[in-house]
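Structural characterization, general
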Amino acid sequence: DTAVSQTPKYLVTQMGNDKSIKCEQNLGHDTMYWYKQDSKKFLKIMFSYNNKELIINETVPNRFSPKSPDKAHLNLHINSLELGDSAVYFCASSHGTPAETQYFGPGTRLLVL
Amino acid sequence: AQSVTQLDSQVPVFEEAPVELRCNYSSSVSVYLFWYVQYPNQGLQLLLKYLSGSTLVKGINGFEAEFNKSQTSFHLRKPSVHISDTAEYFCAFGGLTGGGNKLTFGTGTQLKVEL
């Protein structure tokens, strides 16, 4: 059984389009995250949600809007895509303390042309 | 501010040789340190973590790491690597920011195991 799943796995789109990435976890965790991995493999947190409430927003452009309909889902909508948005986006989940292991999804590879 | 530094961007090593991947951290608060591995085109997977207690931490796939408070280091080691260990390895610091917990990652070390 997949613990953290993301769809789609690959996303190729034109500049200016709007796209969404979905994430679901079946681990019973109360906290979910979005990370961005750039072309140099550097990973940086974008958002975290705890019990459907936005907790962390790390200076991400407001073209990025996360939405958590329930504790098991965290979606990421991106408006007006730019070339610089090309990256791998990872969803993760954990229990809500810094000592807890975060479990990562397989990633969504976004390419903006 | 909390930060993690991985000193080597790439580490080539022959199969069955030992390897050490270096990680140094900077923090003025409680330390939670993690090593994650990312195999090609996959997500990240936990190798091991240090929360407290014994400074030698054993993880999956024969990896271990030693927490050294005086040197602010958390180096990852394996006595004998295998081709299948070829991957990107990330050291990370777990902490709180703005009421929420997050992982702060190092820049990663590419381990390339050769025959």
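Look a little higher up for the structure.
Just so you know, these numbers come straight off a predicted model, no measurement behind them.

Next up on the list: the overall build of chain B. A count of helical and extended segments in chain B gives 0 helices and 12 strands. Listed N to C, the secondary structure of chain B is β-β-β-β-β-β-β-β-β-β-β-β in terms of helices and strands. In summary, chain B has a C-alpha radius of gyration of 14 Å against a globular reference of 13 Å for 115 residues, a match within 12%. In chain B, buried positions account for 47% of the 115 residues. Long-range pairs, those at least 24 residues apart, make up 55% of the contacts in chain B between residues at least 6 apart in sequence. For chain B, the distance from the average position of its 8 positive side-chain charges to the average position of its 9 negative side-chain charges is 10 Å.

What follows deals with the interface of chain A and chain B. On the side of chain B, 26 residues touch chain A, which itself brings 25 residues to the contact. Buried surface at the junction of chain A and chain B, summed over both partners, amounts to about 2,000 Å²; 57% is from carbon and sulfur atoms. Inspection of the chain A/chain B interface yields 1 salt bridge. The shortest N-O distance in the salt bridge between E58(A) and K102(B) comes to 3.2 Å. Taken together, the connections running from chain A to chain B amount to 7 residue pairs in polar contact (both at pLDDT 80 or more). Breaking the side of chain A that touches chain B down by element, the ones donating at least two residues are β4 (31-37), β5 (43-50), β6 (53-57) and β9 (87-94) of chain A. Of the residues belonging to the side of chain A that touches chain B, the class tally is 12 nonpolar, 9 polar and 4 charged.

Here we come to the pairing of strand β12 (residues 109-114) of chain B. Residues and elements named next belong to chain B. Burial along β12 is one-sided: the residues T109, L111 and V113 are buried and none of Q110, K112 and E114 is. Two strands pair when backbone bridges link them, and strand β2 (residues 10-14) and β12 are joined in this way by 5 bridges, in the parallel orientation. Note on β12: the bridge partner recorded for P12 is K112.

About the cut-offs
Residues numbered from 1 in each chain as written. Chains lettered and ligands numbered in written order. Predicted model: local features only at pLDDT ≥ 70, side-chain atom pairs only at ≥ 80, totals over all residues. Heavy atoms only, no water. Helix = DSSP H or I, 4+ residues; strand = E, 2+ residues; numbered from the N terminus. Rg over C-alpha atoms; globule rule 2.2 N^0.38 Å. Buried < 20%, exposed > 50% of the residue type's maximum accessible area, 1.4 Å probe, protein only. Contact = heavy atoms within 4.5 Å. Lys, Arg positive; Asp, Glu negative; His and termini not counted. Charge placed at Lys NZ, Arg CZ, Asp CG, Glu CD. Buried area = accessible area lost by both parts, 1.4 Å probe. Salt bridge = Lys/Arg side-chain N within 4 Å of Asp/Glu carboxyl O. Polar contact = N/O pair within 3.5 Å; in protein donor to acceptor, adjacent residues only side chain to side chain. Nonpolar A, V, L, I, M, F, W, Y, C, P; charged D, E, K, R; others polar. Pairing = 2+ DSSP bridges.

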